[in-house]
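# Descriptive structure summary
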Protein chains: 2
Amino acid sequence: MVTKQFSGSPDETDLRRADSLAREIFSDVANKWALLIIEALGDRTLRFSEVLKEVDGISHKMLTQNLRMLERNGLVERTVYPTVPPRVEYTLTEPGQGLRGTVHLMCDWTQQHLGHIEEARGRFPS
Amino acid sequence: MVTKQFSGSPDETDLRRADSLAREIFSDVANKWALLIIEALGDRTLRFSEVLKEVDGISHKMLTQNLRMLERNGLVERTVYPTVPPRVEYTLTEPGQGLRGTVHLMCDWTQQHLGHIEEARGRFPS
DNA sequence: CGGCATCCGGTTCGATACTG
DNA sequence: CAGTATCGAACCGGATGCCG
């Protein structure tokens with residue numbers, strides 16, 4: 001958290017910083033792989049290879065990158081068991097769970113509007 | 001809509017089609033420009049140039065592409081007034097409004113967790 | 001004003017191979 | 001098993017210019 005010296009309300013610079021941070025996070029999170037990973041994790045704890053199987057179509061590389069990004073933003077927790085072969089588990093943090101709620105709504109919405117969308121596509125272009 | 005002859009429950013082929021359609025829609029919609037446009041439109045009706053101003057950082061080209069995509073999926077309605085100079089207005093359809101609800105939750109979530117995320121970033125890598 | 005085409009640099013992404 | 005590195009191919013996205 002930023003040190004806020006004496007002013008009771010955030011100054012303009014703070015607001016601008018918050019804005020750009022918000023946009024950055026939004027850009028991180030609003031991409032299909034991140035959202036699908038979050039949805040796949042759900043409330044479970046999965047190994048790397050398990051997530052790989054769950055999120056279909058994702059490559060090894062994209063999964064690594066996105067998991068790192070989510071970890072960096074504090075949305076997933078990464079646990080390494082120093083065994084051989086190595087075992088690494090991923091789980092959503094509490095804030096991650098919150099985001100998952102919204103993702104889940106988006107998935108529901110998609111399912112519910114498949115028909116409408118398919119019909120709209122048939123009409124396009126008008 | 002697909003003709004469903006006589007079976008009461010969808011057969012396997014239908015389900016697989018629905019799945020791939022769902023993924024396609026999700027991929028279309030789960031990208032930051034699409035989501036930001038939806039959020040910007042809200043319940044208003046905006047001209048092309050107004051959306052361009054509202055969604056900050058978006059280029060003319062990306063806006064056109066994404067508006068087309070959203071229109072194709074029946075999420076925004078495009079109205080052309082054959083005046084000179086031309087006037088084109090965009091508004092969310094009812095299904096689009098539904099999606100907007102989930103987008104809005106995502107934006108709220110982002111705002112609420114700015115602090116947590118910033119802190120998590122400070123700790124990374126552990 | 002809004003839309004489309006073109007160009008082109010930067011980034012993404014998948015495939016592959018290699019490490020611990 | 002999980003992660004990293006590298007290398008092309010594909011795509012994204014901005015800039016520009018032209019048309020109705």
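Scroll up to find the structure this text is about.
Conventions we followed
- Residues numbered from 1 in each chain as written.
- Chains lettered and ligands numbered in written order.
- Predicted model: local features only at pLDDT ≥ 70, side-chain atom pairs only at ≥ 80, totals over all residues.
- Heavy atoms only, no water.
- Pairing = 2+ DSSP bridges.
- Helix = DSSP H or I, 4+ residues; strand = E, 2+ residues; numbered from the N terminus.
- Axes fitted to C-alpha atoms, helices over the stretch in contact; angles between N-to-C directions.
- Parallel < 35°, antiparallel > 145°, perpendicular 65-115°, else oblique.
- Contact = heavy atoms within 4.5 Å.
- Nonpolar A, V, L, I, M, F, W, Y, C, P; charged D, E, K, R; others polar.
- Buried < 20%, exposed > 50% of the residue type's maximum accessible area, 1.4 Å probe, protein only.
- Polar contact = N/O pair within 3.5 Å; in protein donor to acceptor, adjacent residues only side chain to side chain.
- Core = buried A, V, L, I, M, F, W, Y, C linked by side-chain atoms within 4.5 Å.
- Near = heavy atom within 4 Å.

### Section: the sheet that holds strand β3 (residues 87–92) of chain B
Residues and elements named next belong to chain B. In space, the three strands of this open sheet follow the order β1-β3-β2, with antiparallel pairing throughout. Two strands close off the open sheet at either side, each with one partner strand: β1 (45–47) and β2 (76–81). The average angle at which neighbouring strand axes cross in this sheet is 25 degrees, direction not considered. Bridge count between β1 and β3: three bridges; the pairing is antiparallel. Across the sheet, T45 pairs through a bridge with T91, a residue of β3.

### Details of the packing of helix α1 (residues 12–29) of chain A against helix α6 (residues 114–123) of chain B
Two elements in contact, α1(A) and α6(B), have axes separated by 11 Å at closest approach and are oriented at 80 degrees. It follows that α1(A) is roughly perpendicular to α6(B) by the angle criterion. In this structure, α1(A) contributes A:R17, A:A18, A:L21, A:A22, A:E24, A:I25 and A:D28 to the contact, and α6(B) contributes B:L114, B:I117, B:E118 and B:R121. The residue inventory of the contact of α1(A) with α6(B), partitioned by class, reads six nonpolar, no polar and five charged.

### Let's talk about helix α2 (residues 32–41) of chain A
Structural remark: α-helix, 3.6 residues per turn; residues separated by three or four positions point the same way. All names here are of chain A. With seven of its ten residues buried, α2 lies for the most part within the structure. Considered for burial, the residues of α2 that qualify are W33, A34, L35, I37, I38, A40 and L41. Its side-chain oxygen at 3.0 Å from the backbone nitrogen of W33, N31 defines the N-terminal cap of α2. Positive phi appears at G42, one or two residues downstream of α2, with a value of about 55 degrees.

### Thoughts on the nonpolar core
In terms of nonpolar packing, the biggest core is built from 68 residues, with A:I37 and B:I37 touching the most fellow members. Those residues in contact with A:I37 that sit more than four places away from it in its chain are A:V51, A:V55, A:I58, A:L63, A:N66, A:L67 and A:L70.

### Here's the deal with the protein's contact with DNA strand C
What surrounds DNA strand C is a group of 17 residues, the closest being A:S59, A:K61, B:S49, B:R78 and B:Y90. Counting only the atoms of DNA strand C within 4 Å of the protein, the fraction contributed by sugar and phosphate is 63%. A distance of 2.6 Å is found between a phosphate oxygen of DNA strand C and a side-chain nitrogen or oxygen belonging to A:S59. The side chain of B:R47 places a nitrogen or oxygen atom 3.2 Å from a sugar or linking oxygen of DNA strand C. Residue assignment for the surface near DNA strand C shows that the elements contributing at least two residues are α4 (60–72) of chain A together with α3 (48–54), α4 (60–72) and β3 of chain B. Looking at which element gives the most residues to the surface near DNA strand C, the answer is α4(B), with four residues. Taken together, the residues of the surface near DNA strand C break down into seven nonpolar, five polar and five charged.

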